[in-house]
Amino acid sequence: MEDWQKACIINNLDKLIEITRCDINVVAKLTSKGILSEADSTKLQSIRNQIDRTHELYKIMMTRINGYEILIEVLEKSKQTGAAKILREGMAPPGWKKSDTFADRNDSTKANQIMSSLSSSNSSFYSQESETNLDDRLLQLVETVETENNENNSPKLKINEESLQAVLQTSEGRQLSIIAVVGPPSSGKSFLLNSIKSALEAKEGGKSFSSSTSNFLNGFKCNTVTDSKSCTTTGIWVWSRAFLPLENDTAVILLDTQGLTNTEASSAIFGLSFLSSSILIYNIEASAFEISRFSPLSTYFKYGFGCLEKDEELSEEEPPFQTLAFLFRDWSDVGTYPYGREGGKSFLNEKLATLRGRLKIETKEGLKCFQQVTPYLIPEMDGFPGSFQDINQEFLTHLEKFIETLLDDENLLPKKIFGVKLNPTDFTNFLKQYVNTYNDLLHSKKKRVQEDLILEVTCTTFHSNILNRCLEKYNEIYKKRRQKLTLPNADDIQNIHESAMRQANFAFKREKKLADYEDSCKEQLHMEMSSLLEKKLKEKNTNRAQYVQACFENAVANFKEKISKETNLNSEVSSELMENSIVEFLSNFSRDDDENTLELAGSLEKELEEILENFQEKTKPFPFKRSKSEEKRVQQKKDVDLEAAKQCMEDLHLQLVQQYEKEMHDVITSTIPTPTPSSLLAYHEHCLANIIKTFCQVSEENPFAEETQTELENSIHQVYTTIEGELGSASIQQPKELAEAFVL
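It should be emphasised that the depicted structure is a prediction, and the values quoted were computed from it without experimental measurement. Residue numbering note: each chain is counted from 1, following its sequence as written. Thresholds applied to this predicted model are a pLDDT of at least 70 for local features of residues and 80 or more for the giving and counting of side-chain atom pairs; totals over whole chains, interfaces and linings are not thresholded and use all residues. Only hydrogens and water are set aside; all other atoms, that is, all heavy atoms of the structure, feed into the side-chain values.

Some remarks on the environment of Glu 2
Definition in use: Secondary structure is summarised from DSSP: a helix means a run of H or I of at least four residues, a strand means a run of E of at least two, and numbering begins at the N terminus for each.
Inspection of the secondary structure puts Glu 2 in the segment before helix 1 (3–11). When the C-alpha atoms of Glu 2 and Arg 64 are compared, they prove to be 9.4 Å apart, with 62 residues separating the residues in sequence.

Here you go:
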């Protein structure tokens, strides 16, 4: 790729990433044209986040020859004309005029100047390590995914569970206060959220918020004046961590949503934002606000009425929803209504007065479903070139006041459903169920969500969360009491179950329930606990078998370790040594006696210890006793003639061969009556080593020692061959595996 082309991408990178859709079709087309390799394709498809995937695509494309022109061609064929237009003709980087042709821009001097000016600010783009703090960034929470083979060709909503859990884990056990901003496309929602984010960061440090220190472009993606026609945000985005104000016990989560349009997907995104948030901000130009057309809220007003009917405890003092804030933008008629909250109330009341009949009653009653309704008039920003110094200062003043009111400790309300504060697990379950509901609606013939359906999903999920919390209590108590018993029997399990069940029932009693759902939820809880008891009783025999198996494995491992350290016998011999004792041990072992089972490990280890001790006693090197005449010859060995020395070796030779025969006979008749060929050879080598050790001790300095040792080894090998032949392979049995012995 030419330098000027790289410069064009770098200078417009943020915008290109926002409006380019790096989907499987784009990757496939670029791969088929030879611009992307199979490795590139695999890498891109493995990146789940759309922004990261698009960023990586442009990064790869900047290294490809002819990649620029082919990328434009693929984007145009994929109907991504906005990105293609930027690359082909629009938004020229500094130093080029829009009238420049591609050939003009390929001037090497001009390109080098521009690349030099961009190198310092964009060097991280070429770096493998990003300077972005991955713990403090923007994450997509819900995205719209194009699907095939559905009746309406409607998109599907998809939760990014990794993003969701990453954010919730930063809440540090606090109550969740969730702020969502909704409104038309390019109405300044992301700009507002960046200001709120700056204010929350100040609250975390115990400081006051000032718009003069706020970076309006840092965080959520904002449009500027030059690109205000385009939609920056799609789906729902969330800041990657919760904000933890010093003087408040809530964890604040910020949600940015795509602009409201007349599409079904947009309606679903609005519904998710409404149902998920404790503070919903409706951000709109004052001149464009007509409450009679404000249909998105009407369904959820009716949903609020349903909540009031289901829950007798809800009322005007404890309404079903928390905060609804209206930020009316670009207000100029200060002669009629002043900027601020009071002016906002008057403006909203004027709009309400235009309603008639049932719509007027439903809207007024619907607003009573909120604990707080905060309308606010704010002046025009006078453009947004990207720096707060050029923004209308009166706008900034009222922006500060609006945010200060919104984030006041008394107004920063936690998310509640039926008056119950949600923990992260509850919030996750609600969000998943709502997404499933909207997906079912998007793929059905129904045009809009029904309030009774949302109400039913909310009620069902509310009690499902109660059930989960009670079962968590049951499992917690059961696990705690179970740990005190090594091998509980059926009575023990029953007693533990009853104790855990009592605690779960107490927890259920303390939970707030809806009258229509309480009995069925309680019945479900008892069914679940009975099922758990049945499962644990079935696991008893499995646990016991695992315990017994572990005892055998530990005992056998210890035995083999000791025998390998203290003898030169192999593992097969050690298995043969254990076999008869283990079979006898198991024949006397009662499988139904739990006390006997608990003593199993110690009993078996003791049995194997005795086997090892007996074997060591039988096979230890024997002391060689000399006769008095032999002792005399040894003492006077320097004067003994060669004949006497030779006779001494012959006597020793004969005695040691006899000792070998006796030792092997004892092994065959008592220790292992039917040894295998390999174990017989192992015992032969063990006895031979003892014989040679004794010989060397006695024959010290005898001139015939070396010759006699060779003859002794030959004689012993002849004896071993005879023994091996007499036993024969037909009478030799292979050792059983320990597991098979246990089964028998």
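Resuming the write-up.
Regarding the sheet that holds strand 6 (residues 279–285)
So the rule is basically this: When DSSP locates at least two bridges between a pair of strands, those strands are taken to pair. Interaxial angle, 0 to 180 degrees, is taken between N-to-C directions of lines fitted to C-alpha atoms, where a helix line uses only the stretch in contact.
Reading across the sheet, the eight strands line up as 2-1-4-5-3-6-7-8 and stay open at both edges, with mixed pairing between neighbours. The open sheet terminates on both sides in strands that have one partner only, identified here as strand 2 (156–159) and strand 8 (370–377). For this sheet, the mean inter-axis angle between neighbouring strands, taken without regard to orientation, is 20 degrees. Alignment of strand 1 (residues 138–145) against strand 2, held across four bridges, turns out to be antiparallel. Within the sheet, the bridge partner assigned to Thr 144 lies in strand 2 and is Leu 157.

As for helix 10 (residues 161–168)
What counts, and what does not: When a residue's accessible area, from a 1.4 Å probe over protein chains only, is under 20% of the maximum for its type it is buried; when over 50% it is exposed; and in between it is partly exposed. As used here, the arc is the angular range of directions from the helix axis to the C-beta atoms. Between two residues, a contact is recorded if the distance between any of their heavy atoms is within 4.5 Å. N or O atoms closer than or at 3.5 Å make up a polar contact, with two conditions inside protein: a donor-capable atom paired with an acceptor-capable one, and, for residues adjacent in sequence, both atoms drawn from side chains.
Buried residues of helix 10: Ser 163, Leu 164, Val 167 and Leu 168, and no others. Buried residues along helix 10 cover an arc of 125 degrees about the axis, so they all sit on one side. Those residues of helix 10 that are buried are in contact with strand 1, strand 2, strand 3 (175–182), strand 4 (236–239), strand 5 (250–257) and helix 17 (424–442). N-capping of helix 10 is provided by Asn 160, with a side-chain oxygen placed 3.2 Å from the backbone N of Glu 162.

What about the packing of aromatic side chains?
Two measures describe an aromatic ring pair: the distance that separates the ring centres and the angle between the ring planes. The test is simple: Whether two aromatic rings pair depends on their centres lying within 6.5 Å, for rings of Phe, Tyr and Trp, where Trp uses its six-membered ring; planes under 30 degrees apart make the pair stacked, over 60 edge-to-face, and the rest tilted. Geometrically, a lysine NZ or arginine CZ counts as sitting over a ring once it is within 6 Å of the ring centre and also within 35 degrees of the ring normal.
Summed over the entire model, instances satisfying the criterion amount to 22 aromatic pairs. A centroid spacing of 4.7 Å and a plane angle of 65 degrees characterise the contact between Phe 328 and Phe 347, whose relative ring orientation is edge-to-face. Of this pair, Phe 328 sits in strand 7 (residues 321–329) while Phe 347 sits in helix 14 (residues 341–353), and the two are 19 residues apart along the sequence. Each member of the pair, Phe 328 together with Phe 347, is buried. Ring centres 6.2 Å apart and planes at 25 degrees place the aromatic pair Tyr 474 and Tyr 478 in the stacked group. Residue Tyr 474 and its partner Tyr 478 are located together in helix 18 (residues 451–482), separated by four residues, close to a single helical turn. The class for Tyr 474 is buried, based on a relative accessible area of 0%. Following the ring pairs from residue to residue traces out a cluster consisting of Phe 270, Phe 274, Tyr 300, Phe 301, Tyr 303, Phe 321 and Phe 370. Above the ring of Trp 239, the side-chain terminus of Lys 197 is found at 4.8 Å from the ring centroid. Here the guanidinium or amino end of Lys 536 rests over the ring plane of Tyr 478, the centre of that ring lying 4.2 Å away.

Quick notes on a negative patch on the surface
What counts, and what does not: Here a patch means residues that are over 30% exposed by relative accessible area and free of salt bridges, tied together within 9 Å if like-charged and within 5 Å if nonpolar (Val, Leu, Ile, Met, Phe, Trp, Tyr). All accessible-area figures derive from a Shrake-Rupley calculation using a 1.4 Å probe, and residue coverage is judged against the displayed protein chains alone. Salt bridges are defined as contacts in which a side-chain nitrogen from Lys or Arg sits within 4 Å of a carboxyl oxygen from Asp or Glu. When charges are counted, neither His nor the chain ends are considered; positive counts come from Lys and Arg and negative counts from Asp and Glu. For the purpose of locating charges, the reference atoms are NZ of Lys, CZ of Arg, CG of Asp and CD of Glu.
Together, Glu 643, Glu 650, Asp 651, Glu 706, Glu 707 and Glu 711 line one region of the surface with negative charge. Elements with a minimum of two residues in the negative patch: helix 25 (642–671) and helix 27 (705–727). The residue Glu 650 is located in helix 25 in this model. Judged by relative accessible area, which is 40%, Glu 650 ranks as partly exposed.

Looking at the packing of helix 10 against helix 17
Test applied: Each angle gets one of four labels, with under 35 degrees taken as roughly parallel, over 145 as roughly antiparallel, 65 to 115 as roughly perpendicular, and the rest as oblique. Handedness of a crossing follows from how the near helix is turned relative to the far one, being left-handed for an anticlockwise turn of less than a right angle and right-handed for a clockwise one.
Contact geometry for helix 10 and helix 17: axes closest at 11 Å, N-to-C directions at 155 degrees. With respect to helix 17, the element helix 10 is oriented roughly antiparallel. In the packing of helix 10 onto helix 17, the handedness of the crossing is right-handed. Where helix 10 approaches helix 17, its residues Glu 161, Leu 164, Gln 165 and Leu 168 are matched on the opposing element by Pro 424, Phe 427, Thr 428, Leu 431 and Lys 432.

A closer look at the pattern of salt bridges
By the definition in use, this model includes 18 salt bridges. The shortest N-O distance in the salt bridge between Arg 64 and Asp 40 comes to 2.2 Å. Here Asp 40 lies in helix 4 (residues 38–46) and Arg 64 lies in the loop between helix 5 (50–61) and helix 6 (67–77), a separation of 24 residues in the sequence. Overall, Arg 64 belongs to the partly exposed group, its relative accessible area being 21%. Close ionic contact of Lys 203 with Asp 409 constitutes a salt bridge, the shortest N to O distance being 3.4 Å.

Some thoughts on the pairing of strand 1
In this structure, strand 1 lies alongside strand 4, joined through four bridges in antiparallel fashion. Counted as the bridge partner of Val 142 is Ile 236 from strand 4.

Some points on helix 14
Convention followed: What a helix is expected to span follows from its residue count: subtract one and scale by 1.5 Å.
Counted at 1.5 Å a residue, the expected span for helix 14 with its 13 residues is 18 Å, and the 18 Å between its end C-alpha atoms agrees. Of the residues making up helix 14, those classed as buried are Gly 343, Gly 344, Phe 347, Leu 348, Lys 351 and Leu 352. Check the buried side of helix 14 and you find it contacts strand 7, helix 15 (357–367) and strand 8.

Points about the packing of helix 26 (residues 677–698) against helix 27
Basically, it comes down to this: Polar here means any residue other than Ala, Val, Leu, Ile, Met, Phe, Trp, Tyr, Cys and Pro, which are nonpolar, and Asp, Glu, Lys and Arg, which are charged; Gly is therefore polar.
Put simply, helix 26 and helix 27 touch, their axes get as near as 11 Å, and they point 155 degrees apart. When the axes of helix 26 and helix 27 are compared, the pair comes out roughly antiparallel. Crossing hand, helix 26 versus helix 27: right-handed. When helix 26 is examined against helix 27, the residues Pro 677, Leu 680, Leu 681, His 684, Leu 688, Ile 691, Ile 692, Phe 695 and Cys 696 are found in contact with a partner set consisting of Ala 705, Thr 708, Gln 709, Leu 712, Glu 713, Ile 716, His 717, Tyr 720, Glu 724 and Leu 727. By residue class, the composition of the contact of helix 26 with helix 27 is 13 nonpolar, four polar and two charged.

A few points about the confidence of the model for the protein
The following threshold applies: Note on scores: pLDDT gives the predictor's confidence for each residue, bounded by 0 and 100.
Per-residue pLDDT for the protein has a mean of 78; in total, 75% of the residues score no lower than 70. Overall, residues 224–230 carries pLDDT values under 50, and its contacts beyond four positions in sequence, including any with other chains, amount to 10 contacts. This model gives residues 729–744 a pLDDT under 50, and the stretch forms 25 contacts once residues within four places in sequence are excluded.

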